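Observations on the model geometry
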Amino acid sequence: MTLENVLLVSAILFAIGLYGALAKSNAIMVLMSIEIMFNAVNVAAIAFSRFTVPAGLTDTPVVVTQQAVQRALTGQMLSVFVITAAAAEIALGLALVIVVYRRRDTVDVTDLTEMSG
Amino acid sequence: MLFQDIVFWVLSVLAIGASLGVVLVKDLFRAALLLVVVFIAVAGFFVLLSAEFLAVVQVLVYVGAISILIVFAIVLVRDIPGGGKDNHLKVVAATVAALLGALAIFVAFNSDFTDLDALEASNADVAAALTGTYNLDATEAVGDEFEDQYAVAPPEGEDGTQIGIFSNSTGAIGGLFIRDFVLPFEAVSVLLLAAMIGALALLRQREEDS
């Protein structure tokens with residue numbers, strides 16, 4: 001398990017999610033694919049956090065302070081915020097889907113073309 | 001190390017296979033269940049990458065909340081013909097996704113990251129501060145400096161050495177939330193509140209209209 005291997009898996013997951021988000025016509029499927037992409041990004045962020053050295057610990061001579069060491073966790077903090085944003089996004093997205101379904105009796109994104117001019 | 005590698009590759013096959021299932025399966029409900037498998041596999045990655053707190057958050061938020069929301073939405077709108085069918089851009093989408101994935105993999109394998117393994121060879125003390133046990137006195141920082149800067153000193157192991165940051169990531173994340181990341185934390189709280197009110201407002205409006 002190296003950084004490159006984790007990034008490989010993350011990139012594959014992201015590509016699958018991107019394909020789903022672009023190729024699906026059902027709005028719920030699009031939202032689910034976006035969730036896969038969020039997860040891929042989180043895996044990459046945490047892999048960077050785990051396998052790379054934070055700035056400040058690569059200088060010479062090295063001074064190990066708690067602050068410099070804690071910078072190694074920045075990727076994990078980013079993931080926490082991504083997860084929160086994803087939760088807000090899926091709640092609003094599904095609310096929109098249900099509103100559209102009530103008004104139009106469809107959740108097919110290819111049918112929703114009023115704004116295409 | 002070998003055991004970790006086996007677990008990692010098993011989780012990789014599981015995550016990639018399940019996410020392929022999500023985008024290829026025709027039945028929406030099966031896709032939602034496969035999505036749960038993806039979420040659990042990602043939580044496994046988090047454990048492997050020493051992010052135990054995030055693994056728990058992943059299971060709570062994604063498996064516990066988001067997938068339930070998705071299943072509810074599918075149940076509410078289930079009588080649509082042809083659940084997970086593709087639109088006419090299928091080939092373009094596959095090409096774009098494959099190209100972007102290939103680009104990401106190319107960049108990942110050709111970049112020069114400051115790797116922990118290299119650091120372990122050149123400066124074992126600093127690497128130990130991140131991954132394992134380290135002794136502060138061996139490096140130039142003095143323990144008193146910690147006490148001044150932070151109320152909570154880094155935890156000590158049985159032999160008196162400090163425990164590496166990844167062995168205590170949950171505590172360190174808690175500290176970061178109330179120190180370095182206070183502003184993003186508050187902003188994200190407002191975001192969640194706005195999303196909640198927005199979702200309620202969206203779903204109320206229709207009942208007032210009719």
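Not measured: the values here are computed from a predicted model.

Attention shifts here to the environment of B:Gly174. In this fold, B:Gly174 is placed in helix 8 (residues 169-178). Considered as a pair, B:Gly174 and B:Phe53 are 121 residues apart in the sequence and their alpha carbons are 9.8 Å apart.

Next up on the list: the interface of chain A and chain B. Listed per partner, the contact involves 72 residues of chain A and 88 residues of chain B. Secondary-structure elements contributing two or more residues to the side of chain A that touches chain B are helix 1 (3-23), helix 2 (27-51), helix 3 (66-70) and helix 4 (74-104) of chain A. If you tally residues by element for the side of chain A that touches chain B, the top one is helix 4 of chain A, at 21 residues. Considering only residue class, the side of chain A that touches chain B consists of 50 nonpolar, 17 polar and 5 charged.

Residues three or four positions apart in an α-helix share a direction because the helix packs 3.6 residues into each turn. Along its 31 residues, helix 4 of chain A runs 44 Å from first to last C-alpha, staying within 8% of the 45 Å computed at 1.5 Å per residue. Directly after helix 4 of chain A, the chain includes A:Asp105, whose backbone phi takes a positive value near 55 degrees.

Judged by nonpolar contacts, the single largest core of 85 residues is most densely connected at A:Ile28, A:Met32, A:Ala47 and B:Val38. Examining the composition of this core, we find that 15 residues originate from one element, helix 2 of chain A, more than from any other. When near neighbours in sequence (up to four residues on either side) are disregarded, A:Met32 contacts B:Val22, B:Ala31, B:Ala32, B:Leu35 and B:Ile70.

What follows deals with the confidence of the model for chain A. With 91% of its residues at a pLDDT of 70 or more, chain A has an overall mean of 87. Element-level mean pLDDT values for chain A span from 71 in helix 3 of chain A up to 94 in helix 1 of chain A.

Note on placement: B:Ala15 falls in helix 1 (residues 2-24). Note: C-alpha distance between B:Ala15 and B:Leu35 (20 residues apart in sequence) is 9.1 Å. If we ignore the near neighbours within four places in the chain, the residues touching B:Ala15 are A:Val9, A:Leu13, B:Val38, B:Ala41 and B:Val42.

With that out of the way, let us pick up unusual backbone geometry. A positive phi angle, near 55 degrees, is found at A:Asp105, a position not held by glycine. With respect to the helices and strands, A:Asp105 occurs in the segment after helix 4. Residue A:Asp105 is classed as exposed on the basis of its C-beta count, with 11 C-beta atoms lying within 10 Å. If you check the backbone angles, B:Ser50 has positive phi at about 60 degrees while not being a glycine. Relative to the helices and strands, B:Ser50 resides in the loop between helix 2 (28-48) and helix 3 (52-76).

This paragraph deals with the confidence of the model for chain B. Residues and elements named next belong to chain B. Looking at chain B as a whole, the pLDDT averages 80, with 70% of positions reaching at least 70. Per-residue pLDDT, averaged within each element of chain B, yields its smallest value for helix 7 (residues 143-149) (45) and its largest for helix 2 (94). In the model, residues 136-152 has pLDDT below 50 throughout and makes 21 contacts with residues more than four positions away in sequence or in other chains.

Structurally, A:Thr52 can be placed in the loop between helix 2 and helix 3. The sequence separation of A:Thr52 and A:Ala72 amounts to 20 residues, and the corresponding C-alpha distance is 7.9 Å. The contact partners of A:Thr52, leaving out residues within four places of it in the chain, are A:Leu3, B:Phe113, B:Thr114, B:Asp115 and B:Leu116.

Cut-offs used in this document
- Residues numbered from 1 in each chain as written.
- Chains lettered and ligands numbered in written order.
- Predicted model: local features only at pLDDT ≥ 70, side-chain atom pairs only at ≥ 80, totals over all residues.
- Helix = DSSP H or I, 4+ residues; strand = E, 2+ residues; numbered from the N terminus.
- Contact = placed C-beta atoms within 7 Å.
- Nonpolar A, V, L, I, M, F, W, Y, C, P; charged D, E, K, R; others polar.
- Expected span 1.5 Å × (residues − 1).
- Core = buried A, V, L, I, M, F, W, Y, C linked by C-beta atoms within 7 Å.
- Buried ≥ 20, exposed ≤ 12 C-beta atoms within 10 Å, placed from the backbone.
- pLDDT = per-residue confidence, 0-100.

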